[in-house]
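Observations on the model geometry
Chain residues, written in single-letter form:
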Amino acid sequence: MTNYTLGALPLNEEQAEELLERYVANPSQLMHARAVRAVMRYFATKYEEDIDYWSQVGLLHDIDYELHPEEHLEHTDAILRGAGYDDDFINAILSHGWGLCKVDVEPVHKMEKVLYAADELTGLITASVYMRPDRSVLNIETKSIKKKFKNKKFAAGVDREVILQGTKMLEIELDELIGEVILAMRTAADELGLEGEPA
C-alpha cells in the first residue's frame, strides 16, 4: 500500500527516544511526541504499513520545536540527517508544517497526511482529558471532543483549520478522525499519563 519505498531506519526505537530527549526536555513536548507516535502506530497498523517507520516519524516530528519555536522545522533537516535519516523520512516530518512554517512541504503520502491531520488533534484531546474529573482518555468520547472543537476559546492554540484540512486529505469525516485518534491515544494511555486518577 505504500506509495514509495521506505528506507531502513538508522536508529531503533530506543535510540530514537534518546535522540528526541537530546533536543526536547519539556515534559509536555515529550508527551505530545509520544501521543503522536501512538497515533502513527495505530494508523500504520490500520493501513498495514511499516509500524516502526511511522512510529519514529510521529516521535520525532517536533524535534527542533523546543529549541527553535520561531523557526520550527528549519533545523529539522540538519538534526535528522546528522542522525542518518534519509530524504523520505525528513520530508515526511517537514510535511506537517505545510502552509504553517517557512519550510513548505506538501503532505502527499498517506503517512504524511495522517501526521498532518492528527498532530493538532492530539493536543485538543489531551487538553480535553485534563478538564475531566477522571483525567482519563479511556472514558472520553468523540462527542465531547467535537464540542470542544467547536469552542474556539478552548485550547485556542489548536489550529482547527489544520485538522479540517487533514480530514479532507484523508477523505474522512471529522467525527471519524476524532474517534480514531482517541482510540490511538488509548493504546498509550499509561505512557501518556492519561489513564486517569486512582479511584
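The notes below deal with the structure included here. (Residues numbered from 1 in each chain as written. Predicted model: local features only at pLDDT ≥ 70, side-chain atom pairs only at ≥ 80, totals over all residues. Heavy atoms only, no water.)

Moving on, we get to the pattern of salt bridges. Counting across every chain of the model gives 11 salt bridges. Residue Arg81 pairs with Asp87 through a salt bridge whose shortest N-O separation is 2.8 Å. The exposure class of Asp87 is partly exposed, given its relative accessible area of 43%. With a closest N to O distance of 2.7 Å, Lys146 and Asp175 form a salt bridge. Taken together, the positions of Lys146 in helix α7 (residues 142-150) and Asp175 in helix α9 (residues 174-186) put the pair 29 residues apart, joining distant regions of the chain. Residue classification places Lys146 among the partly exposed residues on the basis of a relative accessible area of 22%. One network of salt bridges, with partners in common, ties together Glu13, Glu17, Glu21, Arg34, Arg37 and Glu191. (Salt bridge = Lys/Arg side-chain N within 4 Å of Asp/Glu carboxyl O. Buried < 20%, exposed > 50% of the residue type's maximum accessible area, 1.4 Å probe, protein only. Helix = DSSP H or I, 4+ residues; strand = E, 2+ residues; numbered from the N terminus.)

Attention now goes to the packing of helix α6 (residues 110-131) against α7. The N-to-C vectors of α6 and α7 enclose an angle of 105 degrees; their axes lie 10 Å apart at closest approach. Viewed along their axes, α6 and α7 adopt a mutual orientation that is roughly perpendicular. Between α6 and α7, the contacting residues are Leu121, Leu124, Ile125 and Ser128 on the first element and Ile145, Lys148 and Phe149 on the second. Of the residues that constitute the contact of α6 with α7, the class distribution is five nonpolar, one polar and one charged. (Axes fitted to C-alpha atoms, helices over the stretch in contact; angles between N-to-C directions. Parallel < 35°, antiparallel > 145°, perpendicular 65-115°, else oblique. Contact = heavy atoms within 4.5 Å. Nonpolar A, V, L, I, M, F, W, Y, C, P; charged D, E, K, R; others polar.)

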